[in-house]
Amino acid sequence: MILAEKLTSMAYWSHFVSIALFALGLLGFLTRRNALIVLMSLELMLNAVNLLLVQIAMRTGTSEGIVLVVFVITVAAAEVAVGLGIILNLYRMKKTVDLGSFRNLSG
Amino acid sequence: MIINEFLVPVSPVLSLMLAAVVLIVLETVFKGERGQAGKLLVALGGPLLSILFVSLLVPVANAGSLATDNSQLPSWLMEFKNSYQLDRLSGALFLAIGFFMLLTLVFVESFLTGLKEKTEVFALLLFAGSGMMLLVSAGNLLMLFMALELMSLPTYILVGLRKNDLRSSEAALKYFLYGSFATVLLVFAIALLYGQFGTLQLNAISGLFKSQVPTGVATLAAFGLLLAAIGFKVGMAPYHLWVPDAYQGAPTPVTGFMGSAIKLAGFGLAIRVFGQTLLPLVQEWATPLSYFSVFTIFVGNLAALRQTDLKRLFAYSSISHAGYLFLGVISLGGSPQALEALQYYLWVYGLLFLGTFGLLSLVEMHKKNLEFDRLNGLGFQRPVLGFCFLLFLLSAAGIPPTAGFFSKYFILIQAFQSGQRLSVVLAAMSSLIGVFYYLRVISHLYMKSAGTAEASVPRAPKAAFLGILLCGLAMIYFSFVPVFF
């Protein structure tokens, strides 16, 4: 009984791990200037959410969360493919992936 | 059973996907320019078939004949039925998406000349269209997420279509980063809602909201994240920073697609989330969000005042229109007719945006920049197209004989009836600011002469001319038939 209670409270605490990971990703997304690292921060945030979803699915005993995780992983892979393509194309033209150097659009 | 329960309801979406797959196969057999007419025919066939299926299906769905005994169904079919709702709203939005796709395909075929990957562009447009349809008819959060991605990923590629143009690629990067960030926020919101309620079903979540008013920090965070994700997708201030850049850098026909169809799908999502799932809590969020949309209207209109590039001008104008549309979403709680006002606004705005960007693509054909001066004398050189442009501008400004006036009027009436009085007054005042910059464009059309003797705007390809004319006529037609559905 006590063990079960401990596990439940631990389940709640483990949410903070994923929220901390998400915050780290957010920090990276907002502060870093390198396009590749920004992309990695996006992935970190997605994976933090995946972790959260798995924990919730385990806690509530439903399977929908696990299914969603599989879909999120798949979509994240597709997103990285598209993002890397765009970044590669920009690198081909400018020889840099620094976000600060892309300032051609303004009005 | 599979045909009746699965293939028939989903046929509008499937026809788009099928056309896209056929196009990809065709491209491997007939490479490049060969068989371009056939490929275009297949591409146009997708939305046409989709429109046909929708117009056959929606009366049946409204009569309730599609509802059958669910207990006999296998479990995967039950899951599907729960995650896809074909109702009056999704039927109307399907039709609009189909029409916008048709016009976009025509403009892409006419104006993106010299592009080797045209078939792939058609396929990407069709995939994005099927994603939009699934998004506006999503019944659970999993489908909502997948559909949003199916819509967004092809669009990132379409924005960066001109591979050797730095501005196009840069716009694609900005759109990609902001768009993926919105996706991440949405998934996080989904996770929080799932943790709170233990289900992904929109109806179930809405039902749980009805029985108890949640006060936890998790629900509040989920609400804020949903708002931010939707705000990013439809371009609401303060999440609008990507809009001018992405709209300016994207190839002009693609911008037309983004401003009409994607905005429509984004508002379909907003209606599903705010107008259906969160509707039981409307008292809590209606007033704060109405100030949010008024802020958007002001930001869009004020920033548009100082633009010199036409595409950027219309990007900011689209931000202000998003504000009006969101005011419509907010009034869904107070008055159910707001749904019709919203559909009407989405039709009118989508058609005027597509028509405008069709015209801008034509203006852009010879020289690449789109300063105001490029329009000098267009009204006299190309009388029909110039008049269509005049109609679009008057409509966007909301001048009475055109459809744009009625769309704004209906939205503001609905918002007023649902009790957002201060926001309505502010929104109406802000539309006065908008009139200034639309009239500035009109003055270039009719009151300045082109510097050189030869026509600065080339003759439009026949199909594109018809498309623009259709949009122009729609501006008049819709003003005589204000109640469309």
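Residues numbered from 1 in each chain as written. Chains lettered and ligands numbered in written order. Predicted model: local features only at pLDDT ≥ 70, side-chain atom pairs only at ≥ 80, totals over all residues. Heavy atoms only, no water.

Student: I'd love a proper account of the overall build of chain A, names of residues and values included.
Tutor: On a plain count of helices and strands, chain A comes out with three helices and zero strands. Here chain A, with 107 residues, has 36% of them falling under the buried criterion. Sequence-distant contacts, at least 24 apart, represent 55% of the contacts inside chain A between residues at least 6 apart. (Helix = DSSP H or I, 4+ residues; strand = E, 2+ residues; numbered from the N terminus. Buried < 20%, exposed > 50% of the residue type's maximum accessible area, 1.4 Å probe, protein only. Contact = heavy atoms within 4.5 Å.)

Student: Before we move on, can you summarise the overall build of chain B with the specific residues and values?
Tutor: Each helix and strand counted, chain B has 19 helices and zero strands in total. The globule rule puts the C-alpha radius of gyration for 485 residues at 23 Å, and the 22 Å found for chain B is close to it. For the C-alpha atoms alone, the extent of chain B along its principal axes is close to 70 × 60 × 40 Å. The buried share of chain B, reckoned over its 485 residues, is 64%. As displayed, chain B has an accessible area near 17,300 Å², and 68% of this comes from carbon and sulfur atoms. Here chain B contributes 28 positive and 20 negative side-chain charges, whose respective centroids are spaced 7 Å apart. (Rg over C-alpha atoms; globule rule 2.2 N^0.38 Å. Areas by Shrake-Rupley, 256 points an atom, 1.4 Å probe, with all protein chains shown as cover. Lys, Arg positive; Asp, Glu negative; His and termini not counted. Charge placed at Lys NZ, Arg CZ, Asp CG, Glu CD.)

Student: Which residues make up the interface of chain B and chain A, and what values do they have?
Tutor: If you look at the interface, chain B gives 40 residues, while chain A gives 42 residues. Between chain B and chain A, the buried area comes to about 3,700 Å², and carbon and sulfur atoms account for 78% of it. Ranking the residues of chain B by area buried against chain A places L166(B), L173(B) and Y194(B) at the top, with a combined share of 17%. Applying the counting rule to chain B against chain A returns zero salt bridges. Inspection of the chain B/chain A interface yields six residue pairs in polar contact (both at pLDDT 80 or more). (Buried area = accessible area lost by both parts, 1.4 Å probe. Salt bridge = Lys/Arg side-chain N within 4 Å of Asp/Glu carboxyl O. Polar contact = N/O pair within 3.5 Å; in protein donor to acceptor, adjacent residues only side chain to side chain.)

Student: Which residues make up the confidence of the model for chain A, and what values do they have?
Tutor: Residue-level pLDDT values for chain A average 88, and 87% of them are 70 or greater. Ranking the elements of chain A by mean pLDDT puts helix α1 (residues 2-31) of chain A last, at 80, and helix α3 (residues 64-94) of chain A first, at 94. (pLDDT = per-residue confidence, 0-100.)

Student: Could you give me a rundown of the packing of aromatic side chains, with the residues and numbers involved?
Tutor: Tallied over the entire structure, the rule returns 37 aromatic pairs over all chains. With 4.8 Å between their ring centres and 70° between their planes, F6(B) and F80(B) make a pair best called edge-to-face. Separated by 74 residues along the polypeptide, F6(B) in helix α1 (residues 2-29) and F80(B) in helix α3 (residues 75-83) bring together distant segments of the chain. Site record: aromatic cluster; members linked through ring pairs are F29(A), Y178(B), F181(B), F223(B), F232(B), Y239(B), F267(B), F274(B), W285(B), F292(B) and F326(B). It is R421(B) that lies over the ring of F416(B); its NZ or CZ is 5.0 Å from the centre. (Phe/Tyr/Trp six-rings, centres within 6.5 Å; stacked < 30°, edge-to-face > 60°. Lys NZ or Arg CZ within 6 Å of the ring centre and 35° of its normal.)

Student: Lay out the side chain of K263(B) with the relevant residues and their values.
Tutor: Residues and elements named next belong to chain B. Within the element layout of this structure, K263 appears in helix α11 (residues 252-277). In this structure, K263 is buried with no salt-bridge partner, the nearest side chain bearing the opposite charge being D245 at 14 Å. Here S318 takes part through its backbone oxygen, which lies 3.0 Å from a polar atom of the side chain of K263. Setting aside residues up to four positions removed in sequence, K263 forms contacts with V234, Y247, M258, S318, I319, A322 and Y349.

Student: Could you give an account of the nonpolar core, naming the residues involved and the relevant values?
Tutor: Counting 214 residues, the largest nonpolar core has M258(B), F274(B), F314(B), F326(B) and F389(B) as the members making the most contacts within it. Beyond its immediate sequence surroundings of up to four residues, F314(B) is in contact with F353(B), T356(B), F357(B), L360(B), F389(B), L393(B) and Y438(B). (Core = buried A, V, L, I, M, F, W, Y, C linked by side-chain atoms within 4.5 Å.)

Student: Any chance you could break down the packing of helix α5 (residues 118-136) of chain B against α11(B) for me, citing the residues and the numbers?
Tutor: Residue and element names in this part refer to chain B. Packing of α5 against α11 brings their axes to within 8 Å, and their N-to-C directions diverge by 20°. When the axis of α5 is compared with that of α11, the two are roughly parallel. For the pair α5 and α11, the sense of crossing is left-handed. Of the residues in α11, those touching α5 at L125, A128, M132, L135 and V136 are F257, A261, I262, A265, G268, L269 and R272. When its residues are assigned to classes, the contact of α5 with α11 shows ten nonpolar, one polar and one charged. (Axes fitted to C-alpha atoms, helices over the stretch in contact; angles between N-to-C directions. Parallel < 35°, antiparallel > 145°, perpendicular 65-115°, else oblique. Left-handed = near helix turned anticlockwise from the far one by under 90°. Nonpolar A, V, L, I, M, F, W, Y, C, P; charged D, E, K, R; others polar.)

Student: Mind laying out helix α10 (residues 242-249) of chain B, listing which residues take part and the relevant values?
Tutor: Residue and element names in this part refer to chain B. In terms of burial, α10 is largely enclosed, as eight of its eight residues are buried. Taken as a whole, α10 has its buried residues at W242, V243, P244, D245, A246, Y247, Q248 and G249. For α10, the elements touching its buried residues are α6 (141-159), α7 (166-197), α9 (217-234), α11, α13 (310-330) and α14 (338-364).

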